[in-house]
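# Understanding the architecture of this molecule
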Amino acid sequence: MAQLAVFVLDTLYSVAVLVLISAGLGIIFGMVRVINLAHGEFLVLGGYSAITAHGLGLNIWLSMLVVAPLVVGMFGVVVERLIIRPLYGRLVNTMLATWGLSLVMVGGLNMIFGNTTTGIPLPVGGFSVGGYQVSGYNLLLIVLAALQMFVIWLVLGCTRFGLLACGTMQNASMSAAFGVNSSRVYMLTFACGAALSGLAGGVLAPLIGLTPGGGANYIAKAFITVISGGASVVSGLVASAGLFGTVSQIFTAVATPIAGELALLVVAILLLRALPSGISGRYFRNRI
Amino acid sequence: MKVTRRRFMQNTAALAALGAAPRWAESADNIKLGSVLDRSGIFDAYGKPMDRAERLAVENINAAGGLNGRMVEIIAYDTQSDMALYTQYSQQLARRDRVDVVHGGILSASREAIRPTLRKNNIPYFYNVLYEGGVCDRNIFCTGITPAQQIEVLIPAAVGRWGKKAYILAADYNYGQITAKWVQHYLEQQGAGAIQTDFFPLDVSDFSATITKIQSAAPDMLISALVGGAHLSFYRQWAATGMNARIPMASTTLGVGNEHIVLTPEEGNGILVAYNYAQSGNSPANQEFLSQWGAKYGAQSVEEIHEIAVSHYQGILLWAEAVRRAGGVERDALITTLESGIQVEGPSGRVTIDPVTHHAVLDVHLMELANQRLKVVESHPQRQPVDTQTVCDLKKNPDDNRQYEIGI
């Protein structure tokens with residue numbers, strides 16, 4: 001019984017990590033229609049923001065949950081204004097531009113922080129489930145991921161900004177004709193996506209050894225999750241993260257961590273063969 | 001002036017000679033010590049102190065008048081924790097810089113990347129790092145400790161303290177694979193065994209599933225041969241669940257990259273290790289080494305001195321002693337001299353080159369992590385590299401050139 005509970009917790013945790021690292025990319029790809037190849041570096045920038053803020057004496061929760069998304073969100077505004085804005089609607093060009101951006105960011109982080117591993121200690125301890133010890137931080141990440149998806153759903157579905165954003169993404173010139181400042185909506189949406197990436201980087205910082213090039217470890221998984229999820233930001237992402245997290249966790253538990261990674265990729269390939277427009281392309285059409 | 005082919009060739013040759021001349025003039029008398037170490041990237045915690053140890057050793061040698069009146073000059077490359085760069089830089093050291101000796105390489109993968117190049121170019125190579133043993137090549141000297149010296153001390157102590165069921169975690173490359181076999185070997189010798197052995201690629205940093213697996217297996221102890229910055233998060237995540245208070249751990253690598261300083265006392269306390277160097281040692285050689293290090297790099301940086309930085313320092317001392325005795329850096333004379341049983345009194349005690357295997361005879365200390373320090377529990381003086389000795393005899397087979405997997 002306890003073993004099952006711990007397995008479920010572990011599975012939820014790996015789903016939560018997928019949700020966290022993919023949400024920012026999902027917003028930027030799913031709504032703004034920009035393939036952000038610098039996504040991994042946005043995560044890493046969030047991690048470094050949290051570590052630096054904590055190193056300067058700021059409270060660790062504040063550093064991870066506020067400073068990291070704020071810094072990366074503001075960085076996102078700058079990137080959108082300077083690099084992305086002239087490229088809307090040109091998918092391939094945005095790939096090239098953001099890839100260049102990712103190289104610049106890795107180089108810049110290298111210059112500032114050095115090509116070395118840094119980290120911060122975990123802020124919470126463990127607790128026991130039956131005879132098992134479980135990391136409290138993992139539980140926290142699960143709650144955070146759920147909360148985050150709920151907030152995105154709330155903002156997109158129930159607020160004026162969400163309505164304007166969805167309308168603008170569907171037909172920019174029409175919404176502009178209704179008096180919506182679509183350039184501003186694009187900027188804010190991109191910034192929100194960047195901020196979510198920053199948040200993910202911030203909360204993952206205590207779990208990983210952070211290096212300037214470390215984003216590369218996450219970008220593949222994030223892309224697979226977003227692409228498999230399809231066009232709906234919330235339902236697609238949750239569905240694909242849930243599927244991949246469960247599959248990789250089962251294979252990790254019965255075989256090895258390498259088998260887990262492998263199983264994730266195999267399932268993704270099969271899934272995209274069967275559903276080329278992602279899970280939400282078939283099952284959650286026209287939902288958020 | 002008409003440009004003929006002959007005149008063009010003459011001019012080009014003269015120009016080339018002009019370009020090359022200053023380099024000869026500048027370093028004609030110096031002995032060139034080539035070095036390849038990871039001073040950045042995920043293995044920089046290993047490489048940076050090694051680089052400092054190397055500079056300290058060479059500074060001391062030069063301050064004492066050099067070797068046979070010649071100064072030693074370091075030609076160093078930062079391999080950035082990238083195995084491909086080892087191949088490239090070792091070629092550069094051999095062909096362009098034409099060095100007299102190479103010290104360096106950290107991971108076993110990096111050693112195997114450069115060993116063939118240096119052997120082919122007849123440049124003696126010193127690999128001064130703890131590793132899995134078994135390299136048998138007359139051109140290389142391995143001065144770090146090997147499993148028979150380290151694991152043979154560590155495992156019986158761990159079994160005696162904690163019990164017979166072990167769970168092994170190891171890095172997924174040659175060091176981890178071979179070390180895991182050695183650990184199993186010594187466990188079986190103690191009547192104990194490994195209930196599970198898991199390997200992790202070097203970039204894995206999320207261990208939550210593994211931690212659950214370990215708990216299901218309920219071992220008496222963990223044996224870790226994890227390597228590098230990403231794997232450091234295992235110790236963090238393990239401690240974060242509170243399991244470190246329930247299942248004890250021994251490690252063949254923890255502390256080598258000064259992990260015991262990066263980890264908090266709560267995360268690290270009680271972990272058992274066995275190494276050649278104990279910083280708390282009070283031999284005159286160690287005290288002098290520590291004070292020189294403090295004077296050169298600042299008192300703060302003394303705590304970054306680790307096992308393989310000291311091995312590297314002593315490897316250079318051994319080489320220097322051989323150069324003095326041989327009267328020069330010529331390869332064959334140098335190797336013959338090293339095979340005469342050269343020894344030095346280094347910071348970690350006496351180190352002697354074993355003529356048969358080109359490995360080192362040295363002291364081993366069993367230690368425990370206590371408040372970010374390594375506390376000596378037991379000392380085992382002058383251990384022979386018996387593992388490599390069972391397979392390698394360079395006296396009989398001087399042309400041998402391979403890494404044996406030893407007797408398991």
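These numbers come from a predicted model, not from an experiment.

This part covers the overall build of chain B. Along its length, chain B carries 14 helices and 16 strands. Its C-alpha radius of gyration of 23 Å places chain B within 12% of the 22 Å reference for a compact globule of 408 residues. Dimensions of chain B, computed from the C-alpha atoms along their principal axes, are close to 85 × 45 × 45 Å. For chain B, the residues scored as buried account for 57% of the 408 residues in total. Across chain B, contacts joining residues at least 24 apart in sequence account for 70% of those joining residues at least 6 apart. Just so you have it, chain B exposes about 15400 Å², and 50% of that area is on carbon and sulfur atoms. Side chains of chain B give 37 positive and 43 negative charges; the mean places of these two sets differ by 8 Å.

All names here are of chain B. Strand order in the open sheet formed by five strands is β2-β1-β3-β4-β6, and the pairing between neighbours is parallel. Strands at the two margins of the open sheet, each flanked by one partner only, are β2 (72–78) and β6 (140–142). When the angles between neighbouring strand axes are averaged without regard to direction, this sheet yields 20 degrees. In this sheet, β6 lies alongside strand β4 (residues 125–127) in parallel orientation, the contact comprising three bridges.

This part takes up the state of the cysteines. Residue and element names in this part refer to chain B. Applying the stated criterion to the full structure yields one disulfide over all chains. Each sulfur in the disulfide pair C136 and C392 lies 2.0 Å from the other. Disulfide C136-C392: torsion about the S-S bond near 80 degrees, hence right-handed. Here the residue C136 occupies a position in strand β5 (residues 135–137), and C392 occupies one in the loop between α14 (386–389) and β16 (401–403), the gap between them amounting to 256 residues.

For an interface, size is often stated in terms of accessible area lost upon the parts coming together. Residue and element names in this part refer to chain B. By domain assignment, chain B separates into domain 1 (2–145 + 280–363 + 383–403) and domain 2 (147–275). Domain 1 and domain 2 are separated by 30 Å when their C-alpha centres are compared. Between domain 1 and domain 2, the residue contacts involve 30 residues of the former and 25 residues of the latter. Between domain 1 and domain 2, roughly 2100 Å² of surface is buried when both sides are summed, and carbon and sulfur atoms account for 63% of that area. For R383, the salt bridge goes to E152, with nearest N and O atoms at 3.1 Å. In this structure, the connection of domain 1 to domain 2 is made through six residue pairs in polar contact (both at pLDDT 80 or more). Going through the elements one at a time, α2 (44–63), α4 (108–120), α12 (307–326), β14 (359–370) and α14 are the ones with two or more residues in the side of domain 1 that touches domain 2. Examining the composition of the side of domain 1 that touches domain 2, we find that four residues originate from one element, β14, more than from any other. Here the side of domain 1 that touches domain 2 is built from residues that sort into 16 nonpolar, six polar and eight charged.

Residue and element names in this part refer to chain B. Because side chains alternate across strand β12 (residues 343–346), one face comprises the buried residues V344 and G346, and the other comprises Q343 and E345, none of which is buried. Direction of pairing for β12 relative to strand β13 (residues 349–354): antiparallel, over a ladder of four bridges. If you follow V344 over to β13, its bridge partner there is V351. The antiparallel pairing of β12 with β13 creates a hairpin that spans two residues between the two strands.

This part covers the pairing of β13(B). All names here are of chain B. Summarising burial for β13: five of the six residues are buried, a large majority. Two elements, β13 and β14, share three bridges in a ladder whose sense is antiparallel. In the sheet register, I353 faces β14, and the bridge partner there is A360.

This part takes up a nonpolar patch on the surface. On the surface, A:L58, A:L62, A:L65, A:V66, A:L70 and A:M74 cluster together into a nonpolar patch covering about 520 Å² of accessible area. By the element assignment, A:M74 lies in helix α3 (residues 60–84).

Moving on: the packing of helix α1 (residues 2–30) of chain A against helix α5 (residues 136–158) of chain A. All names here are of chain A. The contact between α1 and α5 brings their axes to 8 Å, and the two run at 40 degrees. Classified by the angle between their axes, α1 and α5 sit oblique to one another. The element α1 and its partner α5 pack so that their crossing is left-handed. Contacts from L9, L12, Y13, A16, V19, L20, A23 and I27 of α1 reach α5 at N138, L139, L141, I142, L144, A145, Q148, M149 and I152. Counted by class, the contact of α1 with α5 contains 15 nonpolar, two polar and no charged residues.

Attention now goes to the confidence of the model for chain A. Summary statistics for chain A give a mean pLDDT of 90 and a share of 100% for residues scoring 70 or more. Confidence scores differ between elements of chain A, with strand β1 (residues 126–129) of chain A showing the lowest mean pLDDT of 81 and α3(A) the highest of 96.

So, on to α3(A). Three or four residues apart is the spacing at which side chains of an α-helix point the same way, because the helix has 3.6 residues per turn. Residues and elements named next belong to chain A. For α3, the principal kink sits at V67 and spans about 35 degrees; a proline, P69, occurs within the next four residues. Three or more residues of α3 are buried, namely I60, S63, M64, V67, A68, P69, V72, G73, G76, V79, E80 and I84. Structurally, α3 contributes buried residues whose contacts are with α2 (39–55), α4 (91–113), α5 and α8 (182–204). The N-capping residue of α3, defined by a side-chain oxygen 2.7 Å from the backbone nitrogen of W61, is N59.

Along the chain, B:T212 turns up in helix α7 (residues 208–217). If near-sequence neighbours (up to four positions away) are discounted, B:T212 is found in contact with A:V6, A:D10 and A:Y132.

With that out of the way, let us pick up the nonpolar core. B:L187, B:L222, B:F234, B:Y235, B:W238, B:F289 and B:W319 are the most contacted members of the largest nonpolar core, which totals 124 residues. Shared between two domains, this core holds at least three residues of each, these being domain 1 (2–145 + 280–363 + 383–403) and domain 2 (147–275) of chain B. Sequence-distant contacts of B:L222, defined by excluding residues within four places in its chain, comprise B:Y167, B:L169, B:I214, B:F234, B:W238, B:I247, B:P248, B:M249 and B:A250. Of all hydrophobic cores here, the second largest spans 82 residues; its members include A:L9, A:F223, A:V233 and A:L237.

Our next topic: the confidence of the model for chain B. Residues of chain B with pLDDT of at least 70 account for 93%, and the chain-wide mean is 90. The ipTM value of the predicted complex is 0.76, and its pTM value is 0.79.

Right, let's get into the pattern of salt bridges. On inspection of all chains with the given rule, the structure shows 25 salt bridges over all chains. Salt-bridge contacts for A:E261 lead to A:K221; the nearest nitrogen and oxygen are separated by 3.3 Å. Placement of A:E261 in helix α11 (residues 257–274) and of A:K221 in helix α9 (residues 216–229) is noted, with a sequence separation of 40 residues between them. A:E261 sits in the partly exposed class, given a relative accessible area of 42%. Residue classification places A:K221 among the partly exposed residues on the basis of a relative accessible area of 27%. B:E112 is the partner of B:R115 in a salt bridge, and the nearest nitrogen-oxygen pair spans 2.9 Å. Separated by three residues within a single helix, B:R115 and B:E112 lie in helix α4, roughly one turn from each other. Of the residues examined, B:R115 reaches a relative accessible area of 7% and is grouped as buried.

Rules used in this analysis
- Residues numbered from 1 in each chain as written.
- Chains lettered and ligands numbered in written order.
- Predicted model: local features only at pLDDT ≥ 70, side-chain atom pairs only at ≥ 80, totals over all residues.
- Heavy atoms only, no water.
- Helix = DSSP H or I, 4+ residues; strand = E, 2+ residues; numbered from the N terminus.
- Rg over C-alpha atoms; globule rule 2.2 N^0.38 Å.
- Buried < 20%, exposed > 50% of the residue type's maximum accessible area, 1.4 Å probe, protein only.
- Contact = heavy atoms within 4.5 Å.
- Areas by Shrake-Rupley, 256 points an atom, 1.4 Å probe, with all protein chains shown as cover.
- Lys, Arg positive; Asp, Glu negative; His and termini not counted.
- Charge placed at Lys NZ, Arg CZ, Asp CG, Glu CD.
- Pairing = 2+ DSSP bridges.
- Axes fitted to C-alpha atoms, helices over the stretch in contact; angles between N-to-C directions.
- Disulfide = S-S within 2.5 Å.
- Domains from an automatic or database assignment.
- Buried area = accessible area lost by both parts, 1.4 Å probe.
- Salt bridge = Lys/Arg side-chain N within 4 Å of Asp/Glu carboxyl O.
- Polar contact = N/O pair within 3.5 Å; in protein donor to acceptor, adjacent residues only side chain to side chain.
- Nonpolar A, V, L, I, M, F, W, Y, C, P; charged D, E, K, R; others polar.
- Patch = residues over 30% accessible without salt bridge, like charges linked within 9 Å, V, L, I, M, F, W, Y side chains within 5 Å.
- Parallel < 35°, antiparallel > 145°, perpendicular 65-115°, else oblique.
- Left-handed = near helix turned anticlockwise from the far one by under 90°.
- pLDDT = per-residue confidence, 0-100.
- Bend = angle between axes of the 7 residues up to and from the residue.
- Core = buried A, V, L, I, M, F, W, Y, C linked by side-chain atoms within 4.5 Å.

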